[in-house]
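Below, each chain spelled out in residue letters.
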Amino acid sequence: MAFENLTEKLSRIFKKLRGQARLSESNMDEMLKEIRVALLEADVNYKVVKEFISSVKEKAIGQDVLTKLNPSQMITKIVHDELEELLGGGENEIQYQNNKPTVILLVGLQGSGKTTSAGKLAYLMKNKLHKKVLLAAGDVYRPAAIDQLKQIAKSIDVPVYSKGTDISPVQIAKEAKAEAFNNHYDVLIIDTAGRITIDEALMNELNEIKKEVNPDEILLLVDAMSGQDAVNVANAFNDLLSLTGIIMSKLDGDARGGAALSIRHMTGVPIKFSGIGEKVSDLDVFHADRMADRILGMGDVMTLVEKAQEEIDEKEAARAARKMMSGKFDLDDMLDQMRQVKKLGSLGGLLKLIPGAPKVSPEQIAAAEKEMKNFEIIINSMTFEERHNPEIFQYSRKIRVANGCGKQVSDVNRVLKKYESMKEMMKKMEQYKKSGRMPPNMGGLGGFGGF
Amino acid sequence: MGLISFLKEKFSKKKDEKVENYTEGMSKSRQNFSNKLNSLTKKYKKVNQEYFEELEEILIESDVGVKLTLRVIDEVLEESKKNKIYDVEEINEILIDHIFKDYMDKGEQLTDVRFVNNGPTVLLVVGVNGVGKTTTIAKLAKRYIDKGKSVLLVASDTFRAGASEQLQIWANRLNCDIVTGPYNSDPSSVAYDGLTKAKKENIDLVIIDVAGRLQNKTNLMDELSKLRRVIAKVIPEAPHETFLIIDATTGQNGVVQAKAFAEVTELTGVVITKMDGTSKGGIILAIRDELGVPVRFIGLGEKMDDLKEFDLESYIYGLCVEK
């Protein structure tokens, strides 16, 4: 990895500050310098960084740092508040029309992810908001762009309005709107050809589409990997079309998306969605506060909580928690716990959301996920009695289980060992509970830190 | 004689098509960079701290990257102090000299695909999503077809909807042979078929297109190393060339990309696409600085002939020097 990402960088800087009694001009300067470099490495625009740093400095110096917070917490808070201000604000929800189709025009540079995002938007609106969606294939220039849209549309069962490549995009948009109107669609999403801002012909064409269909939303795709020029690109589109929103694409990469933050700051256009993966369901509404948390290494706790609420069976979780606390904890409980965690998504994705989660490499995560899968297979091969009384395991039982699931006895032993250590942890937790202290290293996910 | 005056002289004599193309394609970038430098020159008679800060801003806004920028500025600052140079134009020349030298010192300079003596030369093309891999492959194919080579395209991007079709359309237009596989099939097996065919028919150049992947997706990167192994099974020394395609608008993540891809598949070159926008492509310098991988080609437009051999002198000339 070329550089630490912004999160890692800032948390390291903050760590350096930890233990220092007060914010002095000199330690502030050093830290601000590092924040500046970190932001620039994250591709936040030079001018935005400049403003950001001076405003943080102003606020930090003006404030009484010797209150309840220590200096590093103080700076964290100031930087966080600043970042949130930079990111947030504005109307970031799509306004749907009541009696006619809501027309959404997707624009952006080549390769920014328009066609993919058109499919994702359609999926989101159809499945989560129960809208009747029509896609329009307006990219008549890139070879096979229409095929691509059709394939995506087919996979999510949404119709595409397409007239091939021998027709002007303006005409397609116009006809698609009529089609959407006549057949009572709730939403029409128009995919357009990627362009380079200096290409006036294509920019004019967009303007004509805008005049022809009068879209309710004009969303610009911004690649999270964009560099310093992203602000100029966004400005060019905004000047011509008056954008209503930004979709940040490829946020599942390791780019920090600093450029998109600058766009928000420089154009005032709100960020409405973020593309967070390759699957058609991987589009999320944009959360400015969470993004600020994320940048600061505070984890995205809100997203985790929401995910947990969506996926975890509350009764089941409560039952497991009671059982854990009572010290009665068997292999079935361990399996349940693993399944609940798995429901939340990939371990790697989860770890990113947890503040202060240990740093693990993708290989370690892949290994842990494989291990969890193996554990499930092995536990499933045990009898009811074995699962509830793991103490009865003897060599012959282990051999039977290992043979039953095509694993080695050592694998079975690993499961049992893990179980023992988790049980041990439960006991400790019980003791801690009694003594009124919190145990160290106990995240909300129970014993899975140990994988 | 400074580099600028050297380049100026060189290019005023040699007004060939290549330079024209370069300066035309990069006119936007060039304007931004050189206009800024020029306005700086007018604003300041003598250099001072502020002047260096503005130089820093120009470089960072060109995506050169904060690390390289700070280093180059420091070097120039030092030289200015040591030799008591405070003339703005001279300082600019020193700056460009340093950028030039930095690139040259980092390794060999290559452009054209290096063909092997016996059997097909295999070129693997990788990159993140949406950088223009497929289009660049078409442009590369055309380049070598025009040079009289037999070219086979292999559509190993079986993942992105429409990718195979897109390459197929290009193959038809170029009248070029192509091997494809079914949607969502194993990319390695498509490559295997393609290479077997190439070997049998003694094709000069095989270009393999793979699905774009973000460099932090472990499983996709694993797939790439598998693909490499399969390629080497059919043709032992292959792939002879592996080009990483990078979008000129990419910010500092471009360096991260290059490093990650270099880890799973030895990169022999970088191709920068979409240099016809307003981006300055400073990532060229950042990647070279970090990895030493040479930039081989540069995409200057949407036309088929707009893929040019990378020429450092023209690049810097186009970037920094007034027409």
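Being a predicted model, the structure only gives us computed values, none of them experimental.

Looking only at helices and strands, chain B has 13 helices and eight strands in total. Residues counted as buried form 62% of the 323 residues belonging to chain B. Partitioning the intrachain contacts of chain B with sequence separation of at least 6 by distance along the chain shows that 78% fall at a separation of at least 24. Carbon and sulfur atoms form 46% of the exposed surface of chain B, whose accessible area is close to 13,000 Å².

Next up on the list: the overall build of chain A. Helix and strand counts for chain A stand at 19 helices and eight strands. Considering chain A as a whole, with its 451 residues, one finds that 51% of them fall into the buried category. Of the contacts made within chain A by residues no fewer than 6 positions apart, 73% connect residues no fewer than 24 positions apart. As displayed, chain A offers around 21,300 Å² of accessible surface, 50% of which is attributable to carbon and sulfur atoms.

A few words on the sheet that holds strand β5 (residues 241–247) of chain B. Think of a sheet as strands paired side by side through backbone hydrogen bonds, with each pair either parallel or antiparallel. Residue and element names in this part refer to chain B. The eight strands are arranged β3-β2-β4-β1-β5-β6-β7-β8 in an open sheet whose pairing can be described as mixed. The sheet is open, and its two edges are formed by β3 (177–180) and β8 (307–309), each paired on a single side. For this sheet, the mean inter-axis angle between neighbouring strands, taken without regard to orientation, is 25 degrees. Bridge count for strand β6 (residues 269–273) against strand β7 (residues 295–299) is three bridges, and the pairing is parallel. The residue of β7 that forms the bridge with valine 271 is phenylalanine 297. On top of the sheet, helix α10 (residues 218–234) reaches β1 (121–127), β4 (205–209) and β5; it is set at about 175 degrees to β1, its chief contact.

This brings us to the interface of chain B and chain A. Bring the parts together and some accessible area is lost; that lost area is often taken as the interface size. In this assembly, 47 residues from chain B lie in contact with 41 residues from chain A. Together chain B and chain A conceal approximately 3,800 Å² of surface at their shared face, both sides included; 54% is due to carbon and sulfur atoms. The interface formed by chain B and chain A includes three salt bridges. Among the salt bridges present, the one from Arg36(A) reaches Glu56(B), with a minimum N-O distance of 2.3 Å. Secondary structure elements with two or more residues in the side of chain B that touches chain A: α4 (49–61), α5 (66–82), α8 (163–174), α10 and α11 (253–264) of chain B. Here the residues of the side of chain B that touches chain A sort into 13 nonpolar, 17 polar and 17 charged.

This brings us to the pairing of strand β6 (residues 245–249) of chain A. Residues and elements named next belong to chain A. Most of β6 is tucked away: five of the five residues are buried. Here β6 shows a buried face lined by Gly245, Ile247 and Ser249 and a second buried face lined by Ile246 and Met248. Relative to β6, strand β5 (residues 217–223) runs parallel, the two sharing five bridges. Opposite valine 222, over in β6, you have methionine 248 as the bridge partner. For the segment spanning β5, helix α9 (residues 230–241) and β6, crossover handedness is right-handed.

It is worth spelling out the confidence of the model for chain A at this point. Residue and element names in this part refer to chain A. Mean pLDDT over chain A works out to 79, with 72% of the residues at or above the 70 mark. Ignoring residues within four places in sequence, the model shows residues 1–5, a span with pLDDT below 50, making 13 contacts including any to other chains. With pLDDT under 50 throughout, residues 438–451 is counted as low confidence; its partners more than four residues away or in other chains account for 26 contacts.

The subject of this paragraph is the sheet that holds strand β1 (residues 102–108) of chain A. Here eight strands make up an open sheet; going across it, the order is β3-β2-β4-β1-β5-β6-β7-β8 (chain A) and the pairing mixed. The open sheet has two free edges, formed respectively by β3 (160–161) and β8 (283–285) of chain A, since each of these has just one partner strand.

Before going further, it helps to spend a moment on the nonpolar core. Core analysis: the largest hydrophobic core is formed by 94 residues, its most contacted members being Leu153(B), Ile207(B), Ile208(B), Ile272(B) and Ile284(B). By residue number, the principal contributor to this core is helix α6 (residues 88–105) of chain B, which donates eight residues. In this structure Ile207(B) touches Leu123(B), Val125(B), Ile137(B), Leu140(B), Ala141(B), Val151(B), Leu152(B), Leu153(B) and Val154(B), once residues within four positions along its chain are discounted. In terms of nonpolar packing, the next biggest core, distinct from the first, is built from 67 residues, Ile35(A), Val140(A), Leu243(A) and Ala288(A) among them.

Residues and elements named next belong to chain A. What the rule picks out here adds up to 29 salt bridges over all chains. Between aspartate 223 and lysine 250 there is a salt bridge, with its nearest N and O atoms 2.8 Å apart. Placement of the pair is aspartate 223 in strand β5 and lysine 250 in the loop between β6 and α10 (258–267), with a sequence separation of 27 residues. Overall, aspartate 223 belongs to the buried group, its relative accessible area being 13%.

In an α-helix, one turn spans 3.6 residues, which is why side chains three or four residues apart end up on the same side. Residues and elements named next belong to chain A. With eight of 10 residues buried, α10 lies mostly within the body of the structure. When we look at burial in α10, the residues that qualify are Gly258, Ala259, Ala260, Leu261, Ser262, Ile263, Arg264 and Thr267. Positive phi appears at glycine 268, one or two residues downstream of α10, with a value of about 80 degrees.

With that settled, consider α4(B). Residue and element names in this part refer to chain B. The terminal C-alpha atoms of α4 lie 18 Å apart, and with 13 residues this matches the ideal 18 Å at 1.5 Å per residue to within 8%. Of all the positions in α4, only Tyr51, Phe52, Leu55, Glu56, Glu57, Ile58, Leu59, Ile60 and Glu61 are classed as buried. Once α4 ends, the next one or two residues include aspartate 63, with phi positive near 65 degrees.

Moving on: the side chain of Ser112(A). All names here are of chain A. You can see serine 112 is positioned in the loop between β1 and α5 (114–127). For serine 112, the side chain forms a polar contact with the main-chain oxygen of leucine 109, separated by 2.8 Å. Discounting chain neighbours no more than four positions away, the residues touching serine 112 are Leu221, Ser249 and Lys250.

Our next topic: the packing of α4(B) against α5(B). Residues and elements named next belong to chain B. Packing of α4 against α5 leaves a shortest axis separation of 10 Å and a crossing angle of 150 degrees. It follows that α4 is roughly antiparallel to α5 by the angle criterion. α4 and α5 meet at a crossing whose hand is right-handed. Packed against α4, whose contacting residues are Phe52, Leu55, Glu56, Leu59 and Ile60, the element α5 presents Val66, Thr69, Leu70, Ile73, Val76, Leu77 and Ser80 at the interface. When the residues that make up the contact of α4 with α5 are grouped by side-chain class, the tally is nine nonpolar, two polar and one charged.

Once that is clear, we can look at the packing of aromatic side chains. Residues and elements named next belong to chain B. Summed over the entire model, instances satisfying the criterion amount to four aromatic pairs over all chains. Of note, lysine 149 hangs over the ring of phenylalanine 115, and the distance from its end group to the ring centre comes to 4.2 Å. Against the face of tryptophan 170 rests arginine 173, its NZ or CZ located 4.7 Å from the ring centre.

On to the environment of Tyr185(A), then. All names here are of chain A. Relative to the elements of secondary structure, tyrosine 185 occurs in the loop between α7 (169–182) and β4 (187–192). Accessibility expressed as a relative area gives 12% for tyrosine 185, which makes it buried. Between the alpha carbons of tyrosine 185 and asparagine 99 there is a distance of 9.7 Å; along the sequence they are 86 residues apart. Once residues within four sequence positions are removed from consideration, tyrosine 185 is found in contact with Lys100, Pro101, Lys132, Val133, Leu134, Pro159, Glu179 and Ala180.

A separate point is the pairing of β5(B). All names here are of chain B. Within β5, seven of the seven residues are buried, which leaves it mostly tucked inside the rest of the structure. Burial of β5 is two-sided: the residues Glu241, Phe243, Ile245 and Asp247 facing one way and the residues Thr242, Leu244 and Ile246 facing the other way are all buried. Where β1 lies against β5, five bridges are found, and the strand directions are parallel. Its bridge partner lying in β5, glycine 127 is registered against isoleucine 245.

Criteria and cut-off values
- Residues numbered from 1 in each chain as written.
- Chains lettered and ligands numbered in written order.
- Predicted model: local features only at pLDDT ≥ 70, side-chain atom pairs only at ≥ 80, totals over all residues.
- Heavy atoms only, no water.
- Helix = DSSP H or I, 4+ residues; strand = E, 2+ residues; numbered from the N terminus.
- Buried < 20%, exposed > 50% of the residue type's maximum accessible area, 1.4 Å probe, protein only.
- Contact = heavy atoms within 4.5 Å.
- Areas by Shrake-Rupley, 256 points an atom, 1.4 Å probe, with all protein chains shown as cover.
- Pairing = 2+ DSSP bridges.
- Axes fitted to C-alpha atoms, helices over the stretch in contact; angles between N-to-C directions.
- Buried area = accessible area lost by both parts, 1.4 Å probe.
- Salt bridge = Lys/Arg side-chain N within 4 Å of Asp/Glu carboxyl O.
- Nonpolar A, V, L, I, M, F, W, Y, C, P; charged D, E, K, R; others polar.
- Right-handed = clockwise from strand over helix to strand, strands pointing away.
- pLDDT = per-residue confidence, 0-100.
- Core = buried A, V, L, I, M, F, W, Y, C linked by side-chain atoms within 4.5 Å.
- Expected span 1.5 Å × (residues − 1).
- Polar contact = N/O pair within 3.5 Å; in protein donor to acceptor, adjacent residues only side chain to side chain.
- Parallel < 35°, antiparallel > 145°, perpendicular 65-115°, else oblique.
- Left-handed = near helix turned anticlockwise from the far one by under 90°.
- Phe/Tyr/Trp six-rings, centres within 6.5 Å; stacked < 30°, edge-to-face > 60°.
- Lys NZ or Arg CZ within 6 Å of the ring centre and 35° of its normal.

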